[in-house]
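Overview (structure and organization)
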There are 2 protein chains.
Amino acid sequence: MSISGVKALVFDVFGTVVDWRTSIAREAAPLLARYDESIDPVVFADAWRARYQPAMQAVRAGTRPFVRLDVLHRENLDAALRTVGIDPAAVPGTDLDRLNLAWHRLDPWPDAVEGLTRLKQRFVVAPLSNGNIGMMVDIAKRAGLPWDAVLGAEVARAYKPMPEAYLRTADILGLEPGEVCMCAAHNEDLAAARSCGLRTAFFARPTEHGPAQTTDLRAEQDWDVVADDLIDLARRLGA
Amino acid sequence: MSISGVKALVFDVFGTVVDWRTSIAREAAPLLARYDESIDPVVFADAWRARYQPAMQAVRAGTRPFVRLDVLHRENLDAALRTVGIDPAAVPGTDLDRLNLAWHRLDPWPDAVEGLTRLKQRFVVAPLSNGNIGMMVDIAKRAGLPWDAVLGAEVARAYKPMPEAYLRTADILGLEPGEVCMCAAHNEDLAAARSCGLRTAFFARPTEHGPAQTTDLRAEQDWDVVADDLIDLARRLGA
């Protein structure tokens, strides 16, 4: 397991660096309880997130111009509320807009700040997330994530796993694809990055989707590095 | 002098945060001496920089698609070499490409790291430079500039002083223009930012162009904040 020649580590964020599920549930709980105290905020978080991939598909397919994830999240929020029996038309618009910013207040996994801080000593570290720049800045500022730059879908104008998301990110950094390592807790993200020539690092987040998670529990290809978490990744990379 | 409501400080970089002239002269000196020991490296630095604004004009005018500053610098390098009597065709291409990266190795002014580090405690801090992302990352990594994100022309796809450079930057951060303060040692940059509704902070860099500098020695409008340098700016903003 070696990534010699790698100069930048780029990171998936949702699930890989931050625990979106617990955070969204916490942020949504007060509003949900106002309408129906029986709603499980985690069920709502899952319903909101379930609309994430489908919403990006129109942009990936080119049938919709690029819009940032904040916009897609806001559109998906109405549908997610209906899923748990709340009519979004009954909720004040300012409350919906404020709830939409819950995605800007996601907690890091416990190893994230230490791991990234160590890795930053040896590598350029940046998110390569489908989240937009403002969202990534707010998350990082609140959590103390020490990014060198905020890259990703909004900078590349393409959502992962489109090849442009990976290739443009390397080009923006002035690097060859093989000088960039994609770090993610998701095998599909890494497979797309590898097909573009990027190096790959995996560590599992076995409770991203809750205690009954069945996906991404282990590396499904021979990724360049397989670690336990971000601190272990730093150790394996000598950082 | 108040900037109440401001959440992000965005910075001009060349001249404002880093001393491009001394740095470029230092980086170019060995190559120049190989061809002609009588060339003053500072004269070469000024010749290279003199082609900076004209080169962006075609992009601003829309007659050329956006290209990053690395590309414009490389084009300008040949002409700058001719100015000091060196035929660029006589210089190996790899040497020219390496010299072009001199703009990635600019030294910060002595107050920059401490000032930005303090300001980062209270505000989002990011470059809003015409330099490209990779250049800004390399400068920051080498100098220890603690940016929260790397914004600017390449992210906005517009060169300052086009309004889009300022307005898209605020929008990307999810902020109103009045919640963003442009910080620069150049009155023209601030005038353009103000016309877009941004707040403005000025401090002079009286030796950016050498000891005989005649421009931007003082604030030419009543900018929202006028400081001595970045540390003084932090003090004035309570950071």
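Below is a summary of the structure that appears in this document. (Residues numbered from 1 in each chain as written. Chains lettered and ligands numbered in written order. Predicted model: local features only at pLDDT ≥ 70, side-chain atom pairs only at ≥ 80, totals over all residues. Heavy atoms only, no water.)

Moving on, we get to the interface of chain B and chain A. Interface size is commonly expressed as the accessible surface area that is lost when the partners come together. Contacts between the two partners involve 18 residues from chain B and, on the opposite side, 18 residues from chain A. Together, R68, K141 and I172 of chain B form the three largest contributors to the area buried by chain B at its contact with chain A, with a combined 32%. Inspection of the chain B/chain A interface yields four salt bridges. For D171 of chain A, the salt bridge goes to R68 of chain B, with nearest N and O atoms at 3.0 Å. Put simply, the parts of the chain that give the side of chain B that touches chain A at least two residues each are helix 7 (133–143), helix 8 (153–156) and helix 9 (163–172) of chain B. (Contact = heavy atoms within 4.5 Å. Buried area = accessible area lost by both parts, 1.4 Å probe. Salt bridge = Lys/Arg side-chain N within 4 Å of Asp/Glu carboxyl O. Helix = DSSP H or I, 4+ residues; strand = E, 2+ residues; numbered from the N terminus.)

Another point: the pattern of salt bridges. Tallied over the full model, the rule gives 46 salt bridges over all chains. The partner of K120 of chain A in a salt bridge is D148 of chain A, with the nearest N and O atoms 3.5 Å apart. With K120 of chain A in helix 6 (residues 112–120) and D148 of chain A in the loop between helix 7 (133–143) and strand 5 (151–152), the pair connects residues that are 28 residues apart, well separated along the chain. In this structure, R26 of chain B engages D107 of chain B in a salt bridge whose closest nitrogen and oxygen atoms are separated by 2.5 Å. With R26 of chain B in helix 1 (residues 20–35) and D107 of chain B in strand 3 (residues 107–108), this residue pair connects regions lying 81 residues apart in the sequence. Through salt bridges with shared partners, one network takes in R26, E27, R105, D107 and R142 of chain A.

Right, let's get into helix 5 (residues 93–100) of chain A. Residue and element names in this part refer to chain A. D95, L96, L99 and N100 are the residues of helix 5 that are buried. Seen along its axis, helix 5 keeps its buried residues to an arc of 140 degrees; they face one direction. The exposed set on the far side of helix 5, more than 90 degrees from its buried face, consists of T94 and R98. (Buried < 20%, exposed > 50% of the residue type's maximum accessible area, 1.4 Å probe, protein only. Arc of directions from axis to C-beta.)

Residue and element names in this part refer to chain A. Read from one edge to the other, the open sheet built from six strands follows the order 5-4-1-6-7-8, with strand pairing classed as parallel. Strand pairing shows two members of the sheet lacking a second neighbour, strand 5 and strand 8 (225–227), which therefore form its edges. Two strands pair when backbone bridges link them, and strand 1 (residues 8–11) and strand 6 (residues 180–184) are joined in this way by four bridges, in the parallel orientation. Bridge pairing in strand 6 places L9 opposite C181. Set on the sheet, helix 10 (residues 187–195) makes contact with strand 6 and strand 7 (199–203); between it and strand 6 the angle comes to about 165 degrees. (Pairing = 2+ DSSP bridges. Axes fitted to C-alpha atoms, helices over the stretch in contact; angles between N-to-C directions.)

Here we come to the packing of aromatic side chains. Counted under the stated rule, the structure contains 14 aromatic pairs over all chains. Taking 5.8 Å as the distance between ring centres and 85 degrees as the angle between the ring planes, the aromatic pair formed by F14 of chain A and W103 of chain A counts as edge-to-face. Of the two residues, F14 of chain A sits in the loop between strand 1 and strand 2 (18–19) while W103 of chain A sits in the loop between helix 5 and strand 3 (107–108), which places them 89 residues apart along the sequence. Between W48 of chain A and W103 of chain A, the aromatic rings sit 5.5 Å apart at their centres with planes inclined by 75 degrees, giving edge-to-face as the arrangement. One end of the pair, W48 of chain A, is in helix 2 (residues 41–50); the other, W103 of chain A, is in the loop between helix 5 and strand 3, and 55 residues separate them in sequence. The pair formed by W48 of chain A and W103 of chain A is uniform in burial state, with each residue classed as buried. Put simply, the rings of F14, W20, F44, W48, Y52 and W103 of chain A pair up and form one aromatic cluster. Between R49 of chain A and the ring centre of W20 of chain A, over which it is positioned, the NZ or CZ distance is 5.2 Å. Across from the ring centre of Y52 of chain B, 3.8 Å away, lies the NZ or CZ of R49 of chain B, which sits over that ring. (Phe/Tyr/Trp six-rings, centres within 6.5 Å; stacked < 30°, edge-to-face > 60°. Lys NZ or Arg CZ within 6 Å of the ring centre and 35° of its normal.)

The strands making up a sheet are joined through hydrogen bonds of the backbone, oriented either antiparallel or parallel. Residues and elements named next belong to chain B. Strand order in the open sheet made by the six strands is 5-4-1-6-7-8, with parallel pairing throughout. In the strand order of this sheet, the two ends are held by strand 5 (151–152) and strand 8 (225–227), each with one partner. In the sheet, strand 4 (residues 124–129) pairs with strand 5 via two bridges, with the strands oriented parallel. From the neighbouring strand, L128 faces strand 5, where its bridge partner is L151.

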